[in-house]
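# Coordinates in review
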Amino acid sequence: MSKKHLYILCGLLILIGVALTAYRAIVLEFPTSPQETTATWRIETRLEFEARNAPVRMVLMLPRSEPGLTLFNESFVSPGYGVVTSSPTDNRQAIFSKRSAAGKQVIYYSAVVHRSLTRDDLPKSPAPRVRPSGFSEIQNAAARQIIRTIESQSFDIETFSRLLFSRLKTAAEGSPEYLLLLSGGTRAEIGVRIMAAAAIPARLVNGLALGPDRRKAKFSRWIEIYDDNVWRPFDPETNEFGKPQNHLAWWRGKASLAALTGGRMTDTDIAVRQVFVHSLQSAIEAQKRAQNKLVEFSVFGLPLQTQEEYRLPLTVPIGIFLLVILRNVVGMRTFGTFMPVLIALAFRETQLLWGAILFSSVVAVGLLIRFYLEQLKLLLVPRLASVVIVVILVMTAISVISYKLGFDRGLSVALFPIVILAMTIERMTVIWDEKGPKEALTQAAGSFFVAVLCYLVMNLGIVRHWVFVFPESLLVVLAATLALGRYSGYRLVELPRFRVLAGKK
């Protein structure tokens with residue numbers, strides 16, 4: 001296979017890996033740092049009322065996800081009540097019902113709001129039907145006068161809206177605007193009715209400020225104006241397009257938060273509590289709610305127990321890539337190909353210091369036993385089987401003795417792969433016989449050094465986070481490994497041997 005083919009393959013792997021990683025980080029908002037947290041708000045609504053010993057029905061307005069804010073973990077607590085949700089109009093509703101109730105009743109609703117890093121475009125919406133303004137004859141005449149004046153001065157719906165609310169804010173006594181404001185209602189309500197008279201769809205929005213912890217939170221109001229196939233939020237207080245900062249749109253229209261039949265409302269308490277959660281958890285919840293297929297068909301679509309089982313294996317490619325660099329580029333000599341990486345995996349469970357002590361102890365004792373078995377002139381398979389048995393007995397003895405001496409860490413020797421220990425001992429004795437003790441000790445030291453280095457790299461928080469959250473990035477590691485597969489240049493440890501060729505001593 002030509003080098004060109006290899007380079008094309010590596011380029012494709014890097015392109016796919018970088019593209020998928022960027023998509024997961026930028027679009028799906030998965031955190032690139034294990035310490036990254038996201039501000040979320042828990043909203044808790046408590047509705048208290050007195051039932052009249054009759055059938056009870058309560059309709060509670062519910063918020064919904066919107067561009068920049070995602071709603072999840074909704075819950076209802078209503079003992080004895082049936083609960084259904086529906087969206088008959090622009091609003092979501094929860095309908096609580098009970099055949100008969102008497103006395104004090106309490107209903108709870110809670111949800112978590114997550115702020116998205118990205119801001120999606122406003123969703124397209126079909127043209128709505130303009131509702132009647134509801135003005136009387138004299139009020140309608142005043143509204144028409146205002147509309148004619150503004151239409152002659154405006155260019156489009158945006159400038160019309162700004163001019164209208166500017167006039168309402170500075171209405172002078174005796175003006176048509178002042179007359180309409182006297183009829184009752186806020187500037188936002190009067191503005192929506194005037195726009196209805198001008199055949200411009202507009203609606204009231206009731207929203208909740210997301211900020212510091214507080215109880216008895218109050219709702220704010222702004223409006224939405226239909227323009228260019230989208231509902232554009234407009235703040236009458238600032239006379240600017242865009243909703244008030246850090247506000248969640250709860251419901252639209254003049255209706256109240258809750259409509260009760262069969263009782264009398266006594267108290268409504270809305271609490272907002274800010275909570276900082278791990279960004280990974282928040283991103284997963286948001287994407288699962290959006291039913292994103294890339295998340296469903298990934299590690300995060302598996303059961304939690306299975307996800308945890310994959311955390312360790314996903315770090316192995318990093319250790320293997322480091323091993324490739326140390327062997328092919330640096331020139332380190334080790335026992336076997338992947339044996340140091342497997343030892344590094346055991347170090348992750350035993351911790352480095354105790355792992356090094358226990359590993360060295362088992363190998364040293366096993367090596368002595370192996371030299372003794374050599375005198376018996378055994379065949380390969382029985383000899384290896386004997387070494388495995390000896391290793392198990394040595395590990396058991398270390399565990400028992402360390403436990404009796406009060407060193408609980410000694411129990412972790414059982415986490416070492418038995419076959420790897422046996423193969424290390426066998427490999428070391430073979431090299432000892434064939435190439436001498438110096439070469440055997442050199443390879444043993446190289447294996448131990450590589451295992452420690454792999455452990456340190458694989459145990460980095462940022463490495464464990466990236467390979468678990470962005471497993472696509474391992475395609476880049478694969479491409480780099482393939483590229484190193486054709487490296488045939490000098491190894492770093494061999495450079496001193498060739499200095500004489502460069503005329504250096």
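Placed above this text is the structure.
This write-up is about the structure you can find in this document.

### Section: the overall build of the protein
Across its full length, the protein carries 16 helices and eleven strands. The buried share of the protein, taken over its 505 residues, is 42%. A separation threshold of at least 6 residues defines the contact pool for the protein, and within that pool the share at least 24 residues apart is 76%. With 58 positive and 39 negative side-chain charges, the protein shows a spacing of 5 Å between the two charge centroids.

### Some thoughts on the pattern of salt bridges
Side-chain pairs of opposite charge can arise where the charged atoms are in close proximity. Going through the model one piece at a time under the given rule, you end up with 17 salt bridges. For the salt bridge of Asp 227 with Arg 232, the shortest nitrogen-to-oxygen distance reads 3.2 Å. Its relative accessible area of 17% is what places Asp 227 among the buried residues. If you follow the salt bridges from partner to partner, you end up with Glu 158, Arg 162, Asp 227, Arg 232 and Glu 240 in one network.

### So, the packing of helix H11 (residues 352-374) against helix H12 (residues 380-404)
Two elements in contact, H11 and H12, have axes whose closest approach is 10 Å; the angle formed by their N-to-C orientations is 140 degrees. When the axis of H11 is compared with that of H12, the two are oblique. Considering the relative orientation of H11 and H12, their crossing is right-handed. Across the interface between the two elements, Leu 358, Ser 361, Val 362, Val 365, Ile 369, Arg 370, Leu 373 and Glu 374 from H11 touch Arg 383, Ser 386, Val 387, Val 390, Val 391, Val 394, Met 395 and Ile 398 from H12. The residue inventory of the contact of H11 with H12, partitioned by class, reads eleven nonpolar, two polar and three charged.

### Some remarks on the sheet that holds strand S7 (residues 230-235)
Either a parallel or an antiparallel arrangement is found when strands of a sheet pair, and the pairing is made through backbone hydrogen bonds. The five strands are arranged S8-S7-S6-S5-S9 in an open sheet whose pairing can be described as antiparallel. Sheet topology places strand S8 (240-241) and strand S9 (247-252) at the edges, where each strand pairs with a single neighbour. In terms of strand pairing, S7 meets S8 through two bridges, oriented antiparallel. Paired with Phe 234 across the strands is Phe 241, a residue of S8. Along the sheet, helix H3 (residues 157-169) contacts strand S6 (219-227), S7 and S8; its crossing angle with S6, the most-contacted strand, is approximately 145 degrees. Sheet contacts for helix H5 (residues 187-197): strand S5 (202-209) and S6; angle to S5, the most-contacted strand, approximately 155 degrees.

### Some remarks on the nonpolar core
Formed by 38 residues in total, the largest nonpolar core has its most connected members in Ile 343, Phe 347, Val 362, Val 391, Leu 421, Met 428 and Cys 454. When residues of this core are traced back to their parent elements, those giving at least two are helix H9 (316-330), helix H10 (339-350), H11, H12, helix H13 (418-435) and helix H14 (437-458). Here this core gets eight residues from one element, more than from any other, and that element is H14. Core analysis: the second largest hydrophobic core is formed by 31 residues, Leu 62, Tyr 81, Ala 217 and Ala 258 among them.

### Regarding the pairing of S6
Pairing of S5 with S6, which is carried by seven bridges, proceeds in the antiparallel orientation. Considered in S6, the bridge of Asn 206 is made with Arg 221. The pairing of S6 with S7 spans five bridges and is antiparallel. Bridging across to S7, Asp 227 finds its partner in Val 230.

### A look at H3
For H3, built from 13 residues, the straight-helix expectation of 18 Å at 1.5 Å per residue is met to within 8% by its first-to-last C-alpha distance of 18 Å. Here the buried face of H3 lies against helix H2 (137-153), helix H4 (176-182), H5, S6, S7 and S8. N-capping of H3 is provided by Asp 156, with a side-chain oxygen placed 3.3 Å from the backbone N of Glu 158.

### Notes on a nonpolar patch on the surface
Side chains of Ile 8, Leu 12, Leu 15, Ile 16 and Leu 20 sit close together on the surface and give an oily, nonpolar patch of about 450 Å² of accessible area. Inspection of the secondary structure puts Leu 12 in helix H1 (residues 3-27).

### Regarding the side chain of Arg 92
Note on placement: Arg 92 falls in strand S4 (residues 92-115). Within the structure, Arg 92 has its side chain in polar contact with the side chain of Glu 74 (distance 3.0 Å). If near-sequence neighbours (up to four positions away) are discounted, Arg 92 is found in contact with Leu 60, Met 61, Leu 62, Pro 63, Arg 64, Leu 71, Glu 74, Ser 86 and Ser 87.

Basis of the calculations
Residues numbered from 1 in each chain as written. Predicted model: local features only at pLDDT ≥ 70, side-chain atom pairs only at ≥ 80, totals over all residues. Heavy atoms only, no water. Helix = DSSP H or I, 4+ residues; strand = E, 2+ residues; numbered from the N terminus. Buried < 20%, exposed > 50% of the residue type's maximum accessible area, 1.4 Å probe, protein only. Contact = heavy atoms within 4.5 Å. Lys, Arg positive; Asp, Glu negative; His and termini not counted. Charge placed at Lys NZ, Arg CZ, Asp CG, Glu CD. Salt bridge = Lys/Arg side-chain N within 4 Å of Asp/Glu carboxyl O. Axes fitted to C-alpha atoms, helices over the stretch in contact; angles between N-to-C directions. Parallel < 35°, antiparallel > 145°, perpendicular 65-115°, else oblique. Left-handed = near helix turned anticlockwise from the far one by under 90°. Nonpolar A, V, L, I, M, F, W, Y, C, P; charged D, E, K, R; others polar. Pairing = 2+ DSSP bridges. Core = buried A, V, L, I, M, F, W, Y, C linked by side-chain atoms within 4.5 Å. Expected span 1.5 Å × (residues − 1). Polar contact = N/O pair within 3.5 Å; in protein donor to acceptor, adjacent residues only side chain to side chain. Patch = residues over 30% accessible without salt bridge, like charges linked within 9 Å, V, L, I, M, F, W, Y side chains within 5 Å. Areas by Shrake-Rupley, 256 points an atom, 1.4 Å probe, with all protein chains shown as cover.

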